[in-house]
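Overview (structure and organization)
Chain by chain, the residues:
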Amino acid sequence: MTAPAAARARYDRATAHLDAPLAIVDLDAFDANADDLLRRAGGKPVRVASKSVRCRALLERVLAKDGFRGVMSFTLAESLWLARSGFEDVLLAYPSADRAGFAELAADPKLAGAVTVMIDDPAQLDLVDAARDGGREVIRVCLELDTSLRLLGGRVRIGARRSPLRSPAQLAELARSVARRPGFRLVGIMAYEGHVAGVGDAVAGRPLRSRAIRLMQAAARRELAERRAAVVRAVRAVTPDLEFVNGGGTGSVQHTAAEDAVTEIAAGSGLYVPRLFDNYTSFTGRPAALFAQPVVRRPGVGVVTVLGGGYPASGAAGGDRLPVPYLPEGLRYDPQEGPGEVQTPLLGSPADDLLIGDKVWFRHAKAGELCERFEALHLIEGDTVTATVPTYRGEGRTFL
């Protein structure tokens, strides 16, 4: 039996008592992926990106491992919820305009001590102050550095449009603004190099494109390492007692960890290893998060239809944002229909061996977004479901 066939048999046995649609996490793969992230981090702590997990039980599981420290959250409401749930170190990765959330944060010493908010503009400090509603707690602040690669005198820009702060002087000036302002304390710097950490450099069937990506990423790493070090020196001249400098992501862990200026690494997708992380030369993970859809029709030879399955991921629309049929191997979408809202035809010779009620296993394109489709994750060890835990959605939390 091939490895994929063995995995399918194991998942089918473990969930034989459960009706699809359902989602699983293979804990053997999850734990192996976590260990690989730590290995690549080379001794620097890894902060877990919660948007890529979206399950409190699994956040707790990975943070129980030596080497993982803290959460990187994606909304202020989520940050406050996690802090109230006992998570003691929560870095909000994006600026917020949640006035009610800031009022809560400023009024509660436990929350103010656990949550760090992100800024890249003095106007964001104004918004926090205007929202305090009498709360006088000191707000922990992190500055975000723009990591994009600029070529041809800035006419070409590669990387996400995030912070406007690019130079050491710009970050030092904002650091001085924080230092002068009562009610705030600067504790960290974050820089997420998504064009390195989140872009695969081994695109199947595209050798020239893959080489171009590798050349771009090598140039981006060199440029950013030099600039990030200069930024950290400039900000530490203003605030010598910075607690952390956060950088990286699943696809760049070992490269970012090699920078002396970086004190911790962010990663999350590498725990589940969704399909967008198949095309990397820097690491190979094990798919840990899957979902199953039931066969409900057999329209003809070489065709089955499963219920639902149209779960596209965020980002620029394209085929790489779609989930893929994974097990049994050899199934593909009907190009005229693709994955549908309520039904999905699948083509290929394995369809003839599938019966009504059988499960087809899929991999989502991105990590935590799968959890927005399911209320629970069935945790599998070996060929047994050992626990069923709620996702954020299952706990009634839909933050974005």
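Heads up: these notes are all about the structure in this document. (Residues numbered from 1 in each chain as written. Predicted model: local features only at pLDDT ≥ 70, side-chain atom pairs only at ≥ 80, totals over all residues. Heavy atoms only, no water.)

End to end, helix α8 (residues 168–180) covers 18 Å across 13 residues, agreeing with the expected 18 Å (1.5 Å per residue, within 8%). Within α8, the full set of buried residues consists of L171, A172, L174, A175, S177 and V178. At its buried positions, α8 is contacted by β5 (115–119), α7 (122–131), β6 (139–144), β9 (184–191) and α10 (207–238). (Helix = DSSP H or I, 4+ residues; strand = E, 2+ residues; numbered from the N terminus. Expected span 1.5 Å × (residues − 1). Buried < 20%, exposed > 50% of the residue type's maximum accessible area, 1.4 Å probe, protein only. Contact = heavy atoms within 4.5 Å.)

On to the side chain of R140, then. Looking at the secondary structure, you find R140 in strand β6. Classification of R140 as buried rests on a relative accessible area of 10%. There is a polar contact of 3.0 Å between the side chain of R140 and the side chain of T116. (Polar contact = N/O pair within 3.5 Å; in protein donor to acceptor, adjacent residues only side chain to side chain.)

Our next topic: the packing of aromatic side chains. Applying the stated criterion to the full structure yields 14 aromatic pairs. Both rings, one in F277 and one in Y280, keep their centres 5.3 Å apart while their planes meet at 5 degrees; by these two values the pair is stacked. F277 sits in the buried class, given a relative accessible area of 12%. Owing to a relative accessible area of 7%, Y280 belongs among the buried residues under this scheme. When the ring of F291 is compared with that of Y311, the centres are 5.1 Å apart and the planes differ by 45 degrees; the resulting orientation is tilted. Of this pair, F291 sits in strand β12 (residues 289–300) while Y311 is found in the loop between β13 (303–307) and β14 (324–327), placing the two residues 20 residues apart along the sequence. (Phe/Tyr/Trp six-rings, centres within 6.5 Å; stacked < 30°, edge-to-face > 60°.)

Where helix α5 (residues 99–107) meets α7, the closest approach of the two axes is 8 Å, and the angle between their N-to-C directions is 70 degrees. Looking at the two axes, α5 sits roughly perpendicular to α7. For the pair α5 and α7, contact is made by R99, F102 and A103 and by L127, V128 and A131, respectively. Across the contact of α5 with α7, the residue classes break down as five nonpolar, no polar and one charged. (Axes fitted to C-alpha atoms, helices over the stretch in contact; angles between N-to-C directions. Parallel < 35°, antiparallel > 145°, perpendicular 65-115°, else oblique. Nonpolar A, V, L, I, M, F, W, Y, C, P; charged D, E, K, R; others polar.)

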